[in-house]
Amino acid sequence: MKLYEIIIDAKASDFLNQTVKEGVLIDDANKVIANKCGIQNFFTSDAEFIELKDSLNGHGLASNRNHTEYGDYQTNRLLTDKIVEKLVKEGINPEVMLEPTFGEGNFIIAAIKAFTNLDVIYGVEIYKSYVWQAKFSILSLFIEEPELNKPKIYLHHENVFDFNFRLIAEGIKSDKFLILGNPPWVTSSQLGALDSVNLPAKSNFKNHKGLDAITGKGNFDIAEYITLMMMDNFKSQNGNLVFLIKNSVVKNIIQDQKDRVYPISSIRTYSIDTKKEFNASVESCVFFCELNRPADFTCSEYNFYTDESPKNEFGWYKNKFVANISKYAETEDFDGNSSIVWRQGLKHDCSSVMEINCLEGSLINGNSDILDVENDLVFGLLKSSDLKNNIVSKSRKFTIVTQTKVGEKTSYIEEKYPKTFAYLSKNKSFFDKRKSSIYIGKPDYSIFGIGDYSFKPYKVAISGLYKKSDFTLVLPQNEKPLMLDDTCYFLGFDKLEHAVYTYILLNHRKTQAFLNSITFLDAKRAFTKNNLMRLDLCKIAKNIPFQDIEKEVESISKKHSIQATTDTWYDFQYSLQESPLFAFV
Ligand SMILES: C[S@@+](CC[C@H](N)C(=O)[O-])C[C@H]1O[C@@H](n2cnc3c(N)ncnc32)[C@H](O)[C@@H]1O
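Residues numbered from 1 in each chain as written. Predicted model: local features only at pLDDT ≥ 70, side-chain atom pairs only at ≥ 80, totals over all residues. Heavy atoms only, no water.

## As for unusual backbone geometry
Point 1. Notably, Asn41 is not glycine yet its phi reads approximately 50 degrees, a positive angle.
Point 2. As for its position among the elements, Asn41 is in the loop between α2 (26–37) and α3 (46–56).
Point 3. For Tyr445, which is not a glycine, the phi torsion comes out positive at approximately 65 degrees.
Point 4. Since its relative accessible area comes to 4%, Tyr445 is described here as buried. (Helix = DSSP H or I, 4+ residues; strand = E, 2+ residues; numbered from the N terminus. Buried < 20%, exposed > 50% of the residue type's maximum accessible area, 1.4 Å probe, protein only.)

## Considerations on helix α1 (residues 10–19)
Point 1. Among the residues of α1, Ala12, Ser13, Phe15, Leu16 and Thr19 are the ones counted as buried. Across the axial projection of α1, the buried residues extend over an arc of 160 degrees, all falling on one side. Relative to its buried face, α1 has exposed residues pointing more than 90 degrees away, namely Ala10 and Gln18.
Point 2. Against α2, α3 and α6 (128–144) lie the buried residues of α1. (Arc of directions from axis to C-beta. Contact = heavy atoms within 4.5 Å.)

## A closer look at the site of the ligand
Point 1. If you check the shell around the ligand, you find 25 residues, and the closest are Thr75, Glu99, Thr101, Glu125 and Asn198.
Point 2. Note that a nitrogen atom of the ligand is positioned 2.7 Å from one of the side-chain N or O atoms of Glu99.
Point 3. At 2.9 Å, a side-chain N or O of Asn159 approaches a nitrogen atom of the ligand.
Point 4. Class assignment of the residues belonging to the shell around the ligand gives a composition of 12 nonpolar, eight polar and five charged. (Near = heavy atom within 4 Å. Polar contact = N/O pair within 3.5 Å; in protein donor to acceptor, adjacent residues only side chain to side chain. Nonpolar A, V, L, I, M, F, W, Y, C, P; charged D, E, K, R; others polar.)

## So, the domain arrangement of the chain
Point 1. Segmenting the chain into domains produces domain 1 (2–56), domain 2 (77–325) and domain 3 (343–584).
Point 2. For domain 2 and domain 3, the distance between their C-alpha centroids amounts to 42 Å.
Point 3. Applying the counting criterion to the domain 2 and domain 3 interface returns zero salt bridges.
Point 4. Taken together, the links from domain 2 to domain 3 amount to three residue pairs in polar contact (both at pLDDT 80 or more). (Domains from an automatic or database assignment. Salt bridge = Lys/Arg side-chain N within 4 Å of Asp/Glu carboxyl O.)

## Describing the nonpolar core
Point 1. Counting 56 residues, the largest nonpolar core has Phe43 and Ile138 as its most contacted members.
Point 2. Examining the composition of this core, we find that eight residues originate from one element, α6, more than from any other.
Point 3. Each of domain 1 (2–56) and domain 2 (77–325) accounts for three or more of the residues forming this core.
Point 4. In this structure Ile138 touches Cys37, Ile39, Ile108, Ile109, Ile112, Ile153 and Leu155, once residues within four positions along its chain are discounted. (Core = buried A, V, L, I, M, F, W, Y, C linked by side-chain atoms within 4.5 Å.)

## Comments concerning the packing of helix α18 (residues 496–507) against helix α19 (residues 509–518)
Helix packing for two helices is described by the angle between their axes and how far apart those axes are.
Point 1. Running from amino to carboxyl end, α18 crosses α19 at an angle of 60 degrees, the nearest separation of the two axes being 5 Å. Here α18 is positioned oblique relative to α19, judged by the angle of their axes. Between α18 and α19, the residues in contact are Leu505, Leu506 and Asn507 and Arg509, Thr511 and Gln512, respectively.
Point 2. Residues that form the contact of α18 with α19 fall into these classes: two nonpolar, three polar and one charged. (Axes fitted to C-alpha atoms, helices over the stretch in contact; angles between N-to-C directions. Parallel < 35°, antiparallel > 145°, perpendicular 65-115°, else oblique.)

## Re the pairing of strand β11 (residues 312–317)
Strand residues, when the strand is regular, have side chains that alternate between the two faces of the sheet.
Point 1. As defined by bridge partners, strand β10 (residues 298–303) adjoins β11 across four bridges and the pair is classed as antiparallel. Of the residues in β11, the one forming a bridge with Glu301 is Asn312.
Point 2. As judged from the three bridges shared by β11 and strand β12 (residues 320–322), these two strands associate in the antiparallel manner. Opposite Gly315, over in β12, you have Val322 as the bridge partner.
Point 3. If you look at the hairpin formed by β11 and β12, you'll find two residues sitting between the two strands, and Lys318 has a positive phi there, around 45 degrees. (Pairing = 2+ DSSP bridges.)

Structure follows, in C-alpha cells:
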C-alpha cells in the first residue's frame, strides 16, 4: 500500500487499522503502538492521528521535494546491516543511540536488530514522509520479529539545526552511547545556488572561529557542520560517533582538529564504494571516533569490505598536515618553501572564442569560425589532458594572448594587430558575458594568470585536476613559448638545462614520495599551489645524488634529442639560492 509516497506492508497496515479504529483515542493508540514496537508518541498530534486514519482509508498524501537540497542519499539496508555488524565485532553495544537525520530509518532498523542492550533511540528527520516511513518500517520489524529487544524510540520530525541536542545529552546516564547515521550530502554553496534555507543559522561558522576556511570561500559541507555539532553537544559523553560521510569532510575535520581540539580519539575511516552503494561519484567512508577521550590528530584509513590492516594514516605530524604520515616521515627533508614561485596557467573564461583548434593549417574557434589573425598574439595552449607525456613541444590547441601582465591595456591591439582586433571585437559579446567578477572594470578581452613567467620558453608543469603526480617538461613550439591553461601549474625557466634539472628533481622517486605524502588525491584539485610551494628545490637538489641527475640528463638527451648536459648543475643550484624567495626560506 502506498501512503505519503511510502510503502507500508499489509501486516503493519492491518495492525494500524485495528489500532486507530473508530472510537479509539490517540493516547490509547500511542500506548498500543509503543508496546508493540517501542516508538513513543507515534502520533504527535490529533491532526496526525486523523491524517493517518484518512490515509489508511486510501487518501494518501504525496509531497514534492528537492532531494539535492536535503543531501538525500538513503543508506541501503544491506550496508546499514554491515556497518552495524562491524560495530558489534568491535565490541560496540550501545544502550543509547542517536540518529540525527534518520531518513527512512535504515540505521535505526539495523541497530535494533543487532544491538541487544539498546534502551533508548533518538532520531531527528526533517522530511515528514521519511518519518512515517521509518515508523512503519520499525513497526513491521517488530510485527515480524516480536522477540527483538525493544528500546524506547523517540522519532522527532524536526530540523536538525533547530533541535536541542543538549537536552538529550543532559538526560543520558549511560556510558554506552552511539551516534550513528549518514548526514546530508550537500554543501552550503550548492544550497546557495538553490536558494535553499536548509542551512544552520551560523553559516559562516568557520570564519567565526577564526579558522582557515578550507575552501577559502566560506563554502562548507552540511555533513561537516552536523558532525561538529554532534562533537560539540556530546563532548562530555562517553561513547562513539559513526557517520557515513565524504572523505573530504573527514579531511576537513582532521585539519581543523588542530584548532578545535575536540576530545575525540581512535579516529579511523573505512572507505566504501560510493558508486555501488549510492550511485554517486564521490569518495566516501564510514567515519569512526570515540567521544570524550584525549584529542587525537590523525586518522587511520581502512577498506570497509576487507579486514586488512590500515592502508594509510593521515593528519597532523610534527605540526604539518599530511596525507600519508609514514611516507612523509621518510621524506620530510624536502618540506619547505620553493625558491621559485609556482604559477597557475592562463584563464580567459571564453573558450568558444579563445580556445582555437588548428585544422589543415586553418585556425578554427569553438563557434566553428575560421580565424584570420596575425600570428604574433597566437600561442600554443596546453590543457591538463595534454600533460600526459613526459615532454611536450607541440600543442593541439591555440589561444590569443591579449596581455603580457594582468590589467595591461589592450588598446594597443587595434593599432598593432588590426586583424586580431577585428576578431576580438567581432566576438566582444562573448567576453562581455563572462560572469566572474574578476573581469569587472578590467580592459576589454582581459585574461588572468599572465605575467613574465608565462613567456618563459621552458616550463615544468603538472595538472591540478588529474591524480598523476609526475611533471611534464614543456618546450617551445616553433620558437614560441607554449602557454598552459588554468587547470595546470608550472615553473618557468630561461635556460633549457635548468628546466631539465627541475624536471628530473621533481620526478625523482623521493620527491614523488614526498609530494604524494602531502597530497589528498580525493580533493577536486589534487595538486594545489600551496602543496607545490612546499617542494623545496634547494633541499631536493642537495638531497638527490648527482649521479642520478647525470644519468637522467643523459637518458633524456638521447631519447628526446635535447641538447642538455650537467655542465650548469652548480650554476642551477646557485640560482636557486639566489632566487628572491630564498631570502625567506
Ligand atoms: C544522506 S540522507 C541519509 C538518511 C539516513 N540517515 C540514512 O542513512 O539512510 C540525509 C537525510 O538528512 C535529512 N535532512 C536533510 N536536511 C535536514 C535537516 N535540516 N534536518 C533534519 N534532517 C535533514 C534528509 O531528509 C535525508 O533523509
